Amino acid sequence: MNKPFKVKLGSIEAVPMGQGLSFSVEGEEIAIFRSRAGEVSAIENKCPHANGPLAEGIIGEGKVVCPLHGHQFDLSTGKGCDRNESVRSFPAWIENGELYIDYSTTSPELVVL
Ligand code: FES
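Residues numbered from 1 in each chain as written. Predicted model: local features only at pLDDT ≥ 70, side-chain atom pairs only at ≥ 80, totals over all residues.

Glancing now at the overall build of the protein. Along its length, the protein carries zero helices and 10 strands. Listing the helices and strands of the protein from first to last along the sequence gives β-β-β-β-β-β-β-β-β-β. For the protein, buried positions account for 32% of its 113 residues. (Helix = DSSP H or I, 4+ residues; strand = E, 2+ residues; numbered from the N terminus. Buried ≥ 20, exposed ≤ 12 C-beta atoms within 10 Å, placed from the backbone.)

This brings us to the sheet that holds strand β8 (residues 89-90). With antiparallel pairing, the four strands of this open sheet are ordered in space as β2-β3-β4-β8. Of all the strands in the sheet, just β2 (19-25) and β8 have a single pairing partner and so form its edges. As defined by bridge partners, strand β4 (residues 40-44) adjoins β8 across two bridges and the pair is classed as antiparallel. Its bridge partner lying in β8, Ile 43 is registered against Ser 89. (Pairing = 2+ DSSP bridges.)

Moving on, we come to the environment of Phe 33. Here Phe 33 lies in strand β3 (residues 28-34). Taking the C-beta count within 10 Å as the criterion, Phe 33 has 23 such neighbours and is therefore assigned buried. Measuring from C-alpha to C-alpha, the distance between Phe 33 and Gly 18 comes to 7.3 Å, with 15 residues separating the pair along the chain. If we skip the residues at most four places from it in the chain, Phe 33 touches Gly 20, Val 40, Ser 41, Ile 59, Val 64 and Leu 75. (Contact = placed C-beta atoms within 7 Å.)

Of all hydrophobic cores here, the largest spans 21 residues; its most connected members are Ala 31, Ile 32, Ala 42, Ile 43 and Leu 54. Listed by contribution, the elements that provide at least two residues to this core are β3, β4 and β10 (98-102). Ranked by residues supplied to this core, first place goes to β3 with four residues. (Core = buried A, V, L, I, M, F, W, Y, C linked by C-beta atoms within 7 Å.)

Time to look at the environment of Glu 26. Tracing the backbone shows Glu 26 in the loop between β2 and β3. Along the primary structure Glu 26 and Val 7 are separated by 19 residues, whereas in three dimensions their C-alpha atoms are 9.8 Å apart.

Now for the sheet that holds strand β7 (residues 72-74). If you trace the three strands from one edge of the open sheet to the other, you get β5-β6-β7, paired in antiparallel fashion. With partners counted over all chains shown, the strands left at the sheet margins are β5 (58-60) and β7, one partner each. When strand polarity is set aside, the average angle formed by the axes of neighbouring strands in this sheet is 25 degrees. (Axes fitted to C-alpha atoms, helices over the stretch in contact; angles between N-to-C directions.)

Another aspect to go through is unusual backbone geometry. Here the phi dihedral of Glu 26 falls at roughly 50 degrees; this positive angle occurs in a residue that is not glycine. Judged by the 9 C-beta atoms lying within 10 Å of it, Glu 26 falls in the exposed class. With a phi angle near 55 degrees, Glu 61 is a residue other than glycine that sits in the positive phi range. With respect to the secondary-structure elements, Glu 61 resides in the loop between β5 and β6 (63-65).

A separate point is the confidence of the model for the protein. When pLDDT is averaged along the protein, the result is 90, and 88% of the positions lie at 70 or above. Of the regions scoring below 50 in pLDDT, residues 107-113 engages in 17 contacts with residues more than four places distant in sequence or in other chains. (pLDDT = per-residue confidence, 0-100.)

Below, the structure written as structure tokens:
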């Protein structure tokens, strides 16, 4: 998939400030995060370590901590912070109070150890 694929996920108010929420897009679970500063980010909702639900992780300093074993991932790039792991990331933005992602983005490569 190479063309931009804009997906509307609904009101940003569904995502609590400082937390994440999982959405299903084309059969894939995507974790949406809303920082306390109001920024949004989107990554795969499946930790490459053992499929932990990243949307349920704690966020801070631009990272999410997996709720199962604590591996960390950058919310902008999906790159793992502690190990050679990464998840896909997607551009996310707000238009008129509605949340959107570009589902066509496929970077970085998924690495599973
Ligand atoms: S499943 Fe995420 S760190 Fe183990």
